[in-house]
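# An overview of the molecular structure
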Amino acid sequence: PAEDKARAAEIKRLLVARNAVLVAHYYTDDAIQQLAEETGGCVADSLEMARFGARHEASTLVVAGVRFMGETAKILSPEKRVLMPTLEATCSLDLGCPAAEFNAFCDAHPDRTVVVYANTSAAVKARADWVVTSSIAVDVIEHLQARGEKVLWAPDKHLGGYIQQQTGADMLLWDGACIVHEEFKAKGIEDLKALHPDAAVLVHPESPAAVVQLADVVGSTSQLISAAKQLPNERMIVATDRGIFFKMQQAVPGKLLFEAPTAGNGATCKSCAHCPWMAMNALDNMATALREGSGEIRVDAALREKALKPLERMLNFKR
Ligand code: 13P
Ligand code: SF4
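Residues numbered from 1 in each chain as written. Chains lettered and ligands numbered in written order. Predicted model: local features only at pLDDT ≥ 70, side-chain atom pairs only at ≥ 80, totals over all residues.

### What about the site of ligand 2?
Taken together, 13 residues are adjacent to ligand 2, and Cys91, Ser92, Cys178, Val180 and Cys275 come closest. A breakdown of the residues in the shell around ligand 2 according to their chemical character gives nine nonpolar, two polar and two charged. (Near = placed C-beta within 6 Å. Nonpolar A, V, L, I, M, F, W, Y, C, P; charged D, E, K, R; others polar.)

Structure, rendered in structure tokens:
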């Protein structure tokens, strides 16, 4: 629509005027991902977003994603202004792990190394020894296990269970989940697979164990896009937020991609496989943020200093 074109043009002008760069996640709207690409920004998984923002020379980062991604950017680059289209965009994992309760959980298990998923608040990261994203979680836990460390893991029980099953590490799990990935149903995927026996099954590890068990490939959003390219299969069943199809289909234009069903009967649910918080990012509120400086991320200085250590461990980790 003409309105979207005008907004996109305005954002392009403002990005230049404000010395800003757009850092977008795969789950945001196609128009936002396209804009990020056209303007020299990035469309990426959460680890690559963190790396890109930290290394980029722009003085303002516009983070299109959810709040923990904006906070991570600010913690890594306190000298930069970090704007988000809306500060309301949170994550069920972050919401399900309040700092006070998490601190009490850690206090009760002082013998364990505290590893938290990136999908957490700055206050929770401040208590952690390590932060990980789904793309390196298994490698980091393997490394800790080799050093004989026992792990306290939060907040995603499905990702935690998957890592435990992959590594055999001693892990105590917080009881959190992603409301989007939790909706994928093994039965629905099996039924779809019966119709397309040649299809590869690609699964994000925030999905329940029964779904992960059916996967040919388990990985972060970026890893799933790479797998779609590398696998010989001409068809793919994909269990992650449907926002990923924009870049995945570009990567494999000739392949047929199916959304993994979110209901046991094999039907897809129109509002399930899309994160309601990612969906709050739009061209309109992004233009407003750039025009007015609204949606600025601020992180308390003392908290920032503490949260930086486990984040730097993640960025410096070599498998
Ligand atoms: P990725 O690190 O795979 O991009 O995952 C982030 C996320 O929030 C998935 O729901
Ligand atoms: Fe959080 Fe799930 Fe949304 Fe990712 S998809 S931001 S894990 S609620």
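More follows now that the structure is in view.
### Topic: the domain arrangement of the protein
A common way to state how big an interface is: give the accessible area lost once the parts meet. Its domain assignment divides the protein into domain 1 (2-89 + 278-298), domain 2 (93-178) and domain 3 (181-259). At the level of elements, helix 2 (30-38), strand 2 (42-44) and helix 3 (46-55) are the ones that each hand at least two residues to the side of domain 1 that touches domain 3. A per-class count over the side of domain 1 that touches domain 3 returns six nonpolar, two polar and three charged. (Domains from an automatic or database assignment. Helix = DSSP H or I, 4+ residues; strand = E, 2+ residues; numbered from the N terminus.)

### Brief notes about the site of ligand 1
Near ligand 1 you find Asp45, Ser46, Leu47, Asn119, Thr133, Ser134, Ser135, Cys178, Glu206, Ser220 and Thr221, and these make up its full shell. By residue class, the composition of the shell around ligand 1 is two nonpolar, seven polar and two charged.

### Looking at the sheet that holds strand 12 (residues 256-259)
Strand order in the open sheet formed by four strands is 10-9-11-12, with parallel pairing between adjacent strands. Every interior strand has two partners, whereas the edge strands, strand 10 (217-218) and strand 12, have only one. The pairing of strand 9 (residues 200-203) with strand 10 spans two bridges and is parallel. Bridge pairing in strand 10 places valine 203 opposite valine 218. Helix 12 (residues 221-230) rests against strand 9, strand 10 and strand 11 (235-239) of the sheet, and its axis sits at about 165° to strand 9. (Pairing = 2+ DSSP bridges. Contact = placed C-beta atoms within 7 Å. Axes fitted to C-alpha atoms, helices over the stretch in contact; angles between N-to-C directions.)

### Considering the sheet that holds strand 8 (residues 171-173)
The strands making up a sheet associate through backbone hydrogen bonding, with each pair oriented either parallel or antiparallel. Read from one edge of the open sheet, four strands run 6-5-7-8, paired in parallel fashion. The sheet is open, and its two borders are formed by strand 6 (130-132) and strand 8, each paired with just one other strand. The sheet shows a mean angle of 25° between the axes of neighbouring strands, taken without regard to direction. As defined by bridge partners, strand 7 (residues 151-154) adjoins strand 8 across three bridges and the pair is classed as parallel. Residue pairing in the sheet places tryptophan 153 in a bridge with leucine 173 of strand 8.

### Examining the packing of helix 8 (residues 137-146) against helix 9 (residues 157-167)
Running from N to C, helix 8 and helix 9 point in directions that differ by 55°, and their axes come no closer than 10 Å. When the axis of helix 8 is compared with that of helix 9, the two are oblique. Judged by the twist between their axes, the crossing of helix 8 over helix 9 is right-handed. Residue-level contacts link Ala137, Val138, Ile141, Glu142 and Gln145 of helix 8 to Leu159, Ile163, Gln166 and Thr167 of helix 9. (Parallel < 35°, antiparallel > 145°, perpendicular 65-115°, else oblique. Left-handed = near helix turned anticlockwise from the far one by under 90°.)

### Details of the pairing of strand 5 (residues 113-117)
With four of its five residues buried, strand 5 lies for the most part within the structure. Where strand 5 meets strand 7, four bridges bridge the pair, whose relative direction is parallel. Note on strand 7: the bridge partner recorded for valine 116 is alanine 154. Relative to strand 6, strand 5 runs parallel, the two sharing three bridges. (Buried ≥ 20, exposed ≤ 12 C-beta atoms within 10 Å, placed from the backbone.)

### Thoughts on the pairing of strand 3 (residues 60-64)
Taking burial as the measure, the five residues of strand 3 include five buried ones, the bulk of the element. The alternating pattern of strand 3 places Thr60, Val62 and Ala64 and Leu61 and Val63 on opposite faces, both of which are buried. When strand 1 (residues 20-25) meets strand 3, the two strands line up parallel, connected through five bridges. Within the sheet, the bridge partner assigned to alanine 20 lies in strand 3 and is threonine 60. As paired elements, strand 3 and strand 4 (residues 81-83) share three bridges and run parallel to each other. When the bridges of strand 4 are listed, leucine 61 appears paired with valine 82.

### Considerations on the packing of helix 3 against helix 4 (residues 67-76)
Direction vectors running N to C along helix 3 and helix 4 enclose 35°, while the axes themselves pass 9 Å from each other. As helix 3 runs across helix 4, the sense of the crossing is right-handed. Residues Ser46, Met49, Ala50, Gly53 and Ala54 of helix 3 lie in contact with helix 4, whose contacting residues are Met69, Thr72, Ala73 and Leu76. Its residues placed into classes, the contact of helix 3 with helix 4 shows six nonpolar, three polar and no charged.

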